[in-house]
Every structure is written in structure tokens, then in C-alpha cells.
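Per-entry structural report
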Amino acid sequence: MNEQHPLTQAVVDGRRKEVGALVTQCLEAGESAGSILENRLVPGMMIVGERFKQNEIFVPEMLIAARAMKEALKVLEPLLLVAGVKPEHTAVIGTVEGDLHDIGKNLVAMMWKGANIEVIDLGVNVPAAKFVESVKQHKPQLVGLSALLTTTMPAMRDTVKAIRDEGLAVKIVIGGAPITREFAREIGADGYSPDAGSAVDTAIELLRATA
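Residues numbered from 1 in each chain as written. Predicted model: local features only at pLDDT ≥ 70, side-chain atom pairs only at ≥ 80, totals over all residues. Heavy atoms only, no water.

1. A word on the overall build of the chain
Which entries qualify depends on this criterion: We count a stretch as a helix when DSSP gives it H or I for four or more residues in a row; a strand needs E for two or more, and each element gets its number in order from the N terminus. Only protein chains enter the accessibility calculation, which uses a 1.4 Å probe; a residue whose area is less than 20% of its type maximum is buried, one above 50% is exposed, and one in between is partly exposed. When checking whether two residues touch, look at their non-hydrogen atoms; a contact exists if any pair is within 4.5 Å. Only the protein chains shown count as cover for residues, and the accessible areas themselves come from Shrake-Rupley with a 1.4 Å probe.
Along the backbone of the chain there are nine helices and five strands. Reading the chain from its N end, one meets helices and strands in the order α-α-α-α-β-α-β-α-β-α-β-α-β-α. In terms of principal-axis extent, the alpha carbons of the chain reach across some 50 × 35 × 30 Å. Counting across all 211 residues of the chain, residues that qualify as buried make up 46%. Once local pairs closer than 6 in sequence are excluded, the contacts in the chain between residues at least 24 apart make up 71%. For the chain, the exposed area adds up to about 10600 Å²; of that, 52% sits on carbon and sulfur atoms.

2. Overview of the side chain of T8
Take T8: it is sitting in helix α1 (residues 6-13). For T8, the contacting residues outside a window of four places in its chain are N39, R40, P43, G44 and I47.

3. Notes on the environment of S32
Convention followed: Two N or O atoms count as a polar contact when they lie within 3.5 Å, although within protein this holds only if one can serve as hydrogen donor and the other as acceptor, and sequence-adjacent residues are included solely when both atoms are side-chain atoms.
Within the element layout of this structure, S32 appears in the loop between α2 (16-28) and α3 (33-53). For S32, a relative accessible area of 41% puts it in the partly exposed group. Taking C-alpha positions, S32 is 8.8 Å from L80, a pair spaced 48 residues apart along the chain. At 3.0 Å, the side chain of S32 and the backbone nitrogen of S35 are in polar contact.

4. Examining the side chain of D99
For the record, the criterion: Residues counted as positive are Lys and Arg, residues counted as negative are Asp and Glu, and His and the chain ends are not counted. Each salt bridge in this description consists of a side-chain nitrogen of Lys or Arg and a carboxyl oxygen of Asp or Glu lying within 4 Å of one another.
Along the chain, D99 falls in the loop between β1 (89-95) and α5 (103-114). For D99, which is buried and forms no salt bridge, the nearest opposite charge comes from K105, at a distance of 10 Å. Once residues lying within four places of it in the same chain are set aside, the contact partners of D99 are V124, N125, A147, L148, L149 and T152.

5. Let's talk about the nonpolar core
Quick reminder of the rule: Working definition of a nonpolar core: buried Ala, Val, Leu, Ile, Met, Phe, Trp, Tyr and Cys residues. They are joined through side-chain atoms within 4.5 Å.
The biggest cluster of nonpolar side chains holds 46 residues, and the ones touching the most others in it are L7, L37, L41, M69, L76, W112 and L142. For this core, the elements supplying multiple residues, two or more each, are α1, α2, α3, α4 (59-83), β1, α5, β2 (117-121) and α9 (196-210). L142 has contacts with T90, A91, V92, W112, V170, K171, V173, A203, L206 and L207, leaving out every residue within four places of it along the chain. Residues A147, I172, I174 and I187 belong to the second largest nonpolar core, which totals 28 residues.

6. Brief notes about the environment of L207
Inspection of the secondary structure puts L207 in helix α9. For the pair formed by L207 and P87, sequence separation is 120 residues and the distance between their alpha carbons is 13 Å. Excluding residues within four positions of it along the chain, L207 makes contact with H89, I117, Q141 and L142.

7. Things to note about the sheet that holds strand β5 (residues 191-193)
Paired through their backbone hydrogen bonds, the strands of a sheet run either parallel or antiparallel. The condition that has to hold: Pairing between two strands is assigned when DSSP locates at least 2 bridges connecting them. Here an axis means a line fitted to C-alpha atoms, over the contact stretch when the element is a helix, while the angle between two N-to-C directions is reported on a 0 to 180 degree scale.
On the basis of which strands lie adjacent, the open sheet formed by five strands has the order β2-β1-β3-β4-β5 and parallel pairing. For this open sheet the edge positions go to β2 and β5, each flanked by a neighbour on one side alone. Ignoring strand direction, the axes of neighbouring strands in this sheet form an average angle of 25°. Where β1 and strand β3 (residues 142-146) come together, five bridges link them in parallel fashion. Of the residues in β3, the one forming a bridge with T95 is S146.

8. Considering helix α6 (residues 128-138)
Defined as follows: When we speak of the arc, we mean the arc of directions from the helix axis to the C-beta atoms.
Those residues of α6 lying buried are A128, F131, V132, S134 and V135. Buried residues in α6, looked at end-on, bunch into an arc of 165°, giving them a common side. Away from the buried face of α6 by more than 90 degrees, exposed residues A129, E133 and Q137 are located. On the buried face of α6, the contacting elements are β1, β2, β3 and α7 (153-165).

Encoded structure:
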């Protein structure tokens, strides 16, 4: 296996306390904020996503890596803003109405951020109308809907319908414990992800298709 850059490895290992200093070292060595994001951080989160899909790591390790990524972004975001470096794509994400679970949603949001997608997180218990309003306001290319309860699956169906009824040109990805690929097809979603690692692949696939 190729040896990773120390910053990439620190993200993969979830060494949150070290990533800030490593980002600063990269900047002092002359790397641009955009290059650090693209060549050091994004590959780290991609490795984490891959390991998660292969069952080599589990939710706790993934959360730890996501927090390390967050620390690195704290240092970089102001510099990216000044440099005018913006993510190419935007996503709106939330847990559907009636459902208060957020661990899966938070992981997907962090993985998407790690793949350099701007994420607007609406939180939990989000009514269909709020998703519609947010899509109109932020004009994302992607919407992520999460449900962990069988009882909130109808709310997911209603949300997809509400977005479609408004004629909004956006790709919808759904996921959560009771969700299946068949259900995604049935309610007219564009994609389904069984876990946060796959959610990145699904998102990238759909975004490429719309590019």
C-alpha cells in the first residue's frame, strides 16, 4: 500500500488534535488551501469511506475521522473563502419529518463535505415543505433524505413527491436502516445508499451524470 501524506493519514486515523498543525505545516511549505483540500483531505475521507464499505472500520471510527476532517476544515475554510475556492456542487440533507435520528445523516454530510460538496444540513424532523423551500433557496444539485424508522418512510415518499411536484431539477438520494433500493425506485428517488461510504460514490455518480 502506498504511504499516505502525514495529513491524509492523520484524517484516516482520526487524530483530531494533530490535523490543525499538519494543515499549517502544509501551508508554510507553500501548498495552497485548495490543493490541501483536494490532495490531502479528500483522499483521506475517500479511504475512510472505502474501509467502511469493506467492513474494515465501523461507525465510531468513521465519526472520529469525520471530526478530524472538521478540524482541518476549520483552518482551511477562511483561506478557501479568501481564495475564492468554492465546492463545485451543493447538497441539501436532512432526516425526514417524524424522525429524530441523526448519526447516519451526520456521517453522510461529513463524507459529502470530505468529497468537496457544500452541504446545507437541515437537521432532523424536517417537513417536506422545508426541503422544497431549501432547494428553491440554495439551488443544490443533490438532496439527501434519511429515515431510520419504518414509520417515517411515508414521510420520505411525501418529500420526494413534494420536490418532484415543484418541478425542481435536483437528484434525490435516500438512505437509512429500513430503506431499500426497491423503495427508492418505487418513490422516484434517483439513488439509494446503504451506508455513508457508499453515499459518496452515489453522489459523485449522480453529479457526473448531470454535469
